[in-house]
Amino acid sequence: MLTQQKILTIMLLAIFGGFGFAVIPAQAQEYDVVILNGRAMDPETKYDDIANVGVKDGRIAVITKNKITGKETIDATGHVVAPGFIDIHAHGQNIGDYRMQAMQGVTTMLELESGVLPIAEWYAKQAKKNLPIHYGAAAGWTFARIAAFAGEQPVSSPEYFQEAQSRNDWKMNIATPEQQSQILKLVAQGLDEGALGIGINAGYAPGSGQKEYFALAELAAERGVATFTHVRYASNMEPRSSFQAVQELIANAAITGAHMHLCHINSTSLKDIHAILKLVDDAFERKINISVGAYPWGAASTVVGAAMFSGDGWRERMGSTANNFQLGTQRMTEEQLADYQKNQPGTFITWHFLDESNPADLALLDASILHPRILIESDEMFWMFMDKHDRIINYDGDAWPLPEETFSHPRSNGTFAKVLRSYVRERKLMSMQEALRKMSLMPAKTLEGFVPQMNRKGRLQEGLDADIVVFDPDTIRDVGTYEEPNQPAVGVQTLLVNGELVVDGGKLILGATPGRPIRRTAQTR
């Protein structure tokens, strides 16, 4: 005897069958890519189980324990399957820079601290580079400042910033009302063109004045975007201390309501991290709209002519001699430092401020990396080489592996792998889920309120973007060192960007170009 339910089922099958439709269970579909038997981990829901992941049309279609098949099959047995890492603080803009990041599991790489201008010009140039991972940038305040003081239009290239290091006007002078108006106009134009907030490299223009910084915070609040600040001072001593500079950022956020991100608190704070963390914690407790990033290295990278390396008493303020500076792979002499600061001030160098082999210094670094409200950002730098005239040149070729003579700070190809090696596996100071939260979910949530694309990233969930990293938790590690940096990280078995393979079997796929712009909607005003 047919029950009412059975009759209804037969009718539905007849109707859909008549029109050529079929009801196909999720596990019976064929996917573009399937990742089988991995430890699937999502830092938002805390999902952590052995499962199969099916990818279709650039999205995560299913996460299941059922059997699934696909056109491409990845055996992830013994591996972690996680959302790709999101680096919101990176500077390299050439294909080799993005490839090095892909090898350590980064699927989105954004230039937010320094930023660039003009924004539309920059996105157009990046779109032609056939990049393997996603890209984007903030509107660069320093670019606007350099241009306003020179009476010119900015150029969206790193060289524009480097070449301006020989001038001190934009670094140390208060802007006239007309100049400040032009600076704000250029930054606002960048926002209109889809910039991901405002990059404020105040450490390179510490003489810019507090009113100008406050005006930038007001602009960010008005437009509903964040600022990303390298604060104006780096000093253990008062006045003009790191503490004072962070206090200024927090005050501006509190007064204007702007979301203000504090970049690389580990290097900004030098050895005063505990006092500055107290400031930050108090701001969090009072629900002031700030966010904070840090990288796990005791050395920074910057231009040798940066304003912080000038003025009376700068060595005492920063606890530095020439030996703290590294040019290429060698420490500098006093004579070299003086020569480069005078004649090639835009040269990128590595500057050592903490000794990680010293337990006391390592504890200072750990204080920022382990803080639950501080995300991981790399401050990735360009891959460079030295020409026959001892000039440092940014490498813009497409050779892979990168040419042997190229170099960078090891954070450029090892930050995320180092967190997984040192903090999770070796020293067991951080859980795997916490590391993933800091490297994928927190960066996405920092941006998603004003960059809608980020709502679909930083998570391993059905329906979201298939930006996925598969890595071996027992072998992933940073390989590059300060002396031999040109060594990609190891341990990433597979990287998917928009559902397309970029790394397969631990090897980069050179023809993979799925990187897409991360950009706010352009506006006409």
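Please read these numbers as outputs of a predicted model, since none were measured by experiment.

1. With respect to the overall build of the protein chain
Check the secondary structure of the protein chain and you find 16 helices and 23 strands. Burial statistics for the protein chain: of 525 residues in total, 61% are counted as buried. Taking the intrachain contacts of the protein chain between residues at least 6 apart in sequence as the baseline, contacts between residues at least 24 apart amount to 73%. Of the roughly 20,700 Å² of accessible surface on the protein chain, 52% is carried by carbon and sulfur atoms. Computing the positive centroid from 49 side-chain charges and the negative centroid from 61, the protein chain places the two 4 Å apart.

2. Considering the packing of helix α9 (residues 242-256) against helix α11 (residues 273-285)
Running from N to C, α9 and α11 cross one another at 10°; their axes reach a closest spacing of 9 Å. Relative to α11, α9 is oriented roughly parallel. For the pair α9 and α11, contact is made by Ser242, Phe243, Val246, Gln247 and Ile250 and by Ala275, Ile276, Leu279, Val280 and Ala283, respectively. Among the residues making up the contact of α9 with α11, the classes are represented as eight nonpolar, two polar and no charged.

3. Looking at the sheet that holds strand β17 (residues 374-376)
In spatial order, the strands read β6-β7-β8-β9-β10-β11-β12-β17; together these eight strands make up an open sheet with parallel pairing. The sheet is open, and its two borders are formed by β6 (85-87) and β17, each paired with just one other strand. Across this sheet, the average inter-strand angle for adjacent strands is 30°, counted without regard to direction. Both strand β11 (residues 259-262) and strand β12 (residues 290-294) contribute to a ladder of three bridges, which runs parallel. Pairing of Leu262 across the sheet is with Val292, part of β12.

4. Let's talk about the pairing of strand β13 (residues 299-303)
Within β13, five of the five residues are buried, which leaves it mostly tucked inside the rest of the structure. Bridge count between β13 and strand β16 (residues 348-352): five bridges; the pairing is antiparallel. If you follow Ala300 over to β16, its bridge partner there is Trp351.

5. Details of the sheet that holds β16
Taken together, four strands build an open sheet; the order of strands is β13-β16-β14-β15 and the sheet is antiparallel. The open sheet has two free edges, formed respectively by β13 and β15 (330-331), since each of these has just one partner strand.

6. Side note on unusual backbone geometry
Of the consecutive residues Glu238 and Pro239, the connecting peptide bond is found in the cis state with omega at 0°. Mapping Pro239 onto the fold places it in the loop between β10 (226-229) and α9. In this model, Trp400 is joined to Pro401 through a cis peptide bond whose omega is 0°. Looking at the secondary structure, you find Pro401 in the loop between β19 (392-394) and α15 (411-426). Backbone geometry places Leu270, a non-glycine residue, at a positive phi of 55°. Structurally, Leu270 can be placed in the loop between α10 (265-268) and α11. Judged by its relative accessible area of 3%, Leu270 is buried.

7. Remarks on the pattern of salt bridges
Under the criterion given, the structure shown has 24 salt bridges. Put simply, Glu434 and Arg437 hold a salt bridge, and the shortest N to O gap is 2.8 Å. Placement of both Glu434 and Arg437 in helix α16 (residues 432-447) is noted, with a separation of three residues, approximately one turn of the helix. Through salt bridges with shared partners, a single network forms among Arg59, Arg456, Lys457, Asp465 and Asp467.

8. Concerning the packing of α11 against helix α14 (residues 359-369)
Interaxial distance between α11 and α14 falls to 10 Å at its minimum, and their mutual angle equals 15°. Classed by the angle they form, the pair α11 and α14 counts as roughly parallel. Viewed along their axes, α11 and α14 form a crossing whose handedness is left-handed. Where α11 abuts α14, its residues Ile273, His274 and Leu277 lie against Leu364, Ala367 and Ser368. A per-class count over the contact of α11 with α14 returns four nonpolar, two polar and no charged.

Definitions and limits used
- Residues numbered from 1 in each chain as written.
- Predicted model: local features only at pLDDT ≥ 70, side-chain atom pairs only at ≥ 80, totals over all residues.
- Heavy atoms only, no water.
- Helix = DSSP H or I, 4+ residues; strand = E, 2+ residues; numbered from the N terminus.
- Buried < 20%, exposed > 50% of the residue type's maximum accessible area, 1.4 Å probe, protein only.
- Contact = heavy atoms within 4.5 Å.
- Areas by Shrake-Rupley, 256 points an atom, 1.4 Å probe, with all protein chains shown as cover.
- Lys, Arg positive; Asp, Glu negative; His and termini not counted.
- Charge placed at Lys NZ, Arg CZ, Asp CG, Glu CD.
- Axes fitted to C-alpha atoms, helices over the stretch in contact; angles between N-to-C directions.
- Parallel < 35°, antiparallel > 145°, perpendicular 65-115°, else oblique.
- Nonpolar A, V, L, I, M, F, W, Y, C, P; charged D, E, K, R; others polar.
- Pairing = 2+ DSSP bridges.
- Salt bridge = Lys/Arg side-chain N within 4 Å of Asp/Glu carboxyl O.
- Left-handed = near helix turned anticlockwise from the far one by under 90°.

In short, shape yes, function no, at least from these values alone.
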